[in-house]
Structure formats: C-alpha cells, structure tokens
Amino acid sequence: DERTFVMAKPDAVQRGVVGEIVSRLEGKGLKMVAGKFVQIDEELAHEHYGEHEDKPFFDGLVEFITSGPVFAMVWEGADATRQVRRMMGATDAQEAQPGTIRGDLGNDLGHNLIHGSDHEDEGANEREIDLFFDEDELVDWEQGTATWVYEDADDH
Ligand code: GTP
Ligand code: MG
C-alpha cells in the first residue's frame with residue numbers, strides 16, 4: 001500500500017488541533033504507521049523545503065517551520081498521497097474549501113496547519129519519509145478495520 005508523509009505544522013501544535021488532524025485521517029480509514037513529535041532544525045527545514053529555496057517566501061517558511069514543534073507522521077492507504085492532499089485542501093487556507101482540513105481550521109497561506117507530500121512530485125513521499133524517519137520507526141501492523149474500509153482489502 002502507498003505511504004505518505006504528513007506533518008502537523010507548528011501552528012497546528014500551538015492551536016491544539018493535532019488531535020483533530022490525526023482524527024480526520026483515522027476517520028478516512030488511513031492507517032498511521034509512524035508518528036513523532038519533533039523540533040525541526042534549520043538544516044532539516046532546508047532539506048525538507050529545498051524545492052522552494054529560490055522563492056521569495058523561503059526564509060519565512062523556514063522560520064515558521066522551525067518556530068516550534070511539529071507532529072510528523074507516516075500514513076498508509078490506497079492512493080494515500082493524493083487522498084491526504086485532497087483532505088488538506090488548497091495551500092492558501094483562506095481559499096481552501098470547507099470540508100478540508102485547511103478550509104475548516106485555517107485562515108492563512110503561511111499558517112496552513114498541515115503538510116502532506118506532493119502527489120505530483122514523483123517519489124516525494126518516500127523521500128520525505130526517509131528524511132524524518134528511520135526504517136525501524138515505521139511500524140508494520142494489521143488494521144483490523146481494513147476489510148470494512150476497502151471492498152478489496154486483500155489488495156491493500
Ligand atoms: P506544504 O504541504 O507545506 O508543502 O504546502 P503545499 O504543498 O500546499 O504548498 P507548497 O509546497 O507550494 O508551498 C510550501 C509552503 O510554502 C506552503 O504550505 C505555504 O505555507 C508556503 N507558501 C507557498 N506559496 C507561498 C507564497 O506565495 N507566499 C508565501 N508567503 N508562502 C507561500
Ligand atoms: Mg508542498
């Protein structure tokens with residue numbers, strides 16, 4: 001099954017909505033296979049957001065993502081990367097649709113609560129998982145509800 005990297009950003013931690021973010025992904029039927037509460041340092045921030053290095057908002061982005069702890073996670077499920085992106089909503093939380101995490105909980109482009117690997121960037125999910133987690137931190141477990149989430153659960 002596909003794995004994707006997800007992170008509740010510092011604003012989500014400060015605002016106490018980490019649980020709600022986890023809850024929404026759980027509710028969808030996705031399976032959490034790793035999670036840790038971490039303070040991102042400058043170096044990790046630069047690596048994680050390397051694709052935006054030349055953008056005018058890069059320094060602000062690094063400052064924000066290192067401004068407090070985050071909750072980093074790995075979630076697994078059918079088409080997980082794209083599903084999480086759909087649940088996150090548009091990058092600018094002000095424009096994000098109601099029903100999405102950003103649309104329901106956020107109000108700002110810079111403070112948009114959640115990161116999920118880009119499904120249009122091939123291999124971004126595996127790259128980001130590797131950046132934040134050691135292989136032995138990914139837990140292999142059977143989700144008892146899978147047969148009720150997916151009609152063809154054996155394929156997952
Ligand atoms: P992430 O999950 O954080 O990667 O968001 P995203 O994939 O929806 O957006 P993207 O990767 O394009 O941008 C990364 C982050 O940079 C976003 O989450 C925004 O907080 C911030 N950002 C993107 N575009 C802009 C911009 O034009 N101005 C500012 N100030 N911030 C931006
Ligand atoms: Mg992105």
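Keep in mind that this is a model prediction, so the values were computed, not measured.

The feature "binding site: ATP" (unreviewed entry), as annotated in UniProt, sits at Lys-9, Phe-57, Arg-85, Thr-91, Arg-102 and Asn-112 in this numbering. Tracing the sequence through the fold places Arg-85 in helix 5 (residues 80–88). Its 20 C-beta neighbours within 10 Å are what place Arg-85 among the buried residues. Residues in contact with Arg-85, not counting those within four places in the same chain, are Gly-116 and His-119. Along the chain, Thr-91 falls in the loop between helix 5 and helix 6 (101–105). Given 11 C-beta atoms within a 10 Å radius, Thr-91 is considered exposed. Beyond its immediate sequence surroundings of up to four residues, Thr-91 is in contact with Leu-109 and Asn-112.

UniProt tags His-115 as "active site" (unreviewed entry). If you trace the backbone, His-115 turns up in strand 4 (residues 114–116). Classification of His-115 by C-beta neighbours within 10 Å gives buried; the count is 20. Among residues more than four places away in sequence, those in contact with His-115 are Val-6, Met-7 and Lys-9.

Cut-offs applied
Residues numbered from 1 in each chain as written. Chains lettered and ligands numbered in written order. Predicted model: local features only at pLDDT ≥ 70, side-chain atom pairs only at ≥ 80, totals over all residues. UniProt positions renumbered as here; feature names shortened; annotations may be inferred. Helix = DSSP H or I, 4+ residues; strand = E, 2+ residues; numbered from the N terminus. Buried ≥ 20, exposed ≤ 12 C-beta atoms within 10 Å, placed from the backbone. Contact = placed C-beta atoms within 7 Å.

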